[in-house]
Amino acid sequence: RIGEITKAAQDAYNALDALNTFNAFNQVNVEKTRTGMTESIADYRSGQGTKEQVKAAGEAYQKELRERQKLEKQAYLEAIKKVAAERGVNGQDLITALSGSYGSYESLKAIPMSGTRTKFTPGGMFGGSTAYEEAYPVNRQEKLGAALRKLNDTELQSLQALGAQAERTGNEIAQVDKQLT
């Protein structure tokens, strides 16, 4: 599965790189459209502008925000798929688990592994290998539960921060709608 993991890592890197490049390059454009919207609202309130000018300025600003939000969501999804590939689980299953409620996340984490297999410890120089039973996941749900248990708080924080940024941008778009109304 090295090829799958490498591709997922490259896709995640590319998505983050595209987002960072967009944000670095587009700072001026976003601020110009934000300023244009603010000025058009001020002009309209003072009687010097029209509703159409305000609407056009608002749409231009929202277009910039929507593009950023699209890249943020893509970076979030690709980062999750990378972790899924590393952990050997279905990417969409992990996306669903991390997008749901905390209770659902906890219940998925609690799914026990039902498979067992016999493992042997190395015998060392004088022999004496010891056998023991090891649990392992036998289906998608159990694999997902095992992957979620291995997901540490730092990884979870990093993934969810990407998703939260896309949601904050969505809120920013909604605030523009509110201003325009």
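These notes cover the structure that comes with them. (Residues numbered from 1 in each chain as written. Predicted model: local features only at pLDDT ≥ 70, side-chain atom pairs only at ≥ 80, totals over all residues. Heavy atoms only, no water.)

So, helix α5 (residues 140-150)
Put simply, the test is: Only protein chains enter the accessibility calculation, which uses a 1.4 Å probe. A residue is then buried if its area is under 20% of the maximum for its type, exposed if over 50%, and partly exposed in between. Helix and strand assignments follow DSSP, with helices taken as H or I runs no shorter than four residues and strands as E runs no shorter than two, numbered in order from the N terminus. Pairs of residues are marked as contacts when any of their non-hydrogen atoms sit within 4.5 Å. Residues adjacent in sequence count toward polar contacts only when both atoms are side-chain atoms; beyond that, a polar contact is any pair of N or O atoms within 3.5 Å, and within protein one must be able to donate a hydrogen and the other to accept it.
Regarding α5, the residues found buried are E142, L144, G145, A146, A147 and L148. Elements in contact with the buried residues of α5: α2 (51-87), α3 (91-99), α4 (102-109), β1 (115-120) and β2 (131-136). Backbone nitrogen of Q141 and a side-chain oxygen of the N-cap are separated by 3.1 Å at the start of α5; the cap is N139.

A look at the packing of helix α1 (residues 2-45) against helix α6 (residues 153-180)
To keep things clear, this is the line we draw: Axis definition: a line fit to C-alpha positions, over the contact stretch in the case of helices; interaxial angles, taken between N-to-C directions, run 0 to 180 degrees. Every angle not falling under 35 degrees, over 145, or within 65 to 115 is termed oblique; those three ranges are roughly parallel, roughly antiparallel and roughly perpendicular. Helix crossings get a hand from a simple test, with the near helix turned counterclockwise from the far one by less than a right angle marking a left-handed crossing and a clockwise turn marking a right-handed one. Gly falls in the polar group here, along with every residue not listed as nonpolar (Ala, Val, Leu, Ile, Met, Phe, Trp, Tyr, Cys, Pro) or charged (Asp, Glu, Lys, Arg).
One can describe the packing of α1 onto α6 by two numbers: an axis separation of 13 Å at closest approach and a directional angle of 15°. The angle between α1 and α6 falls in the class roughly parallel. The two elements α1 and α6 meet at a crossing, and its hand is left-handed. Here L16, R34, M37 and I41 of α1 lie close against α6, whose contacting residues are L162, E172, V176, Q179 and L180. Classifying every residue of the contact of α1 with α6 by side-chain character gives six nonpolar, one polar and two charged.

Brief notes about the side chain of T33
Note on placement: T33 falls in helix α1. At 2.9 Å, the side chain of T33 forms a polar contact with the backbone oxygen of V30. Excluding its chain neighbours within four sequence positions, the residues that come into contact with T33 are A57, A60, Y61 and E64.

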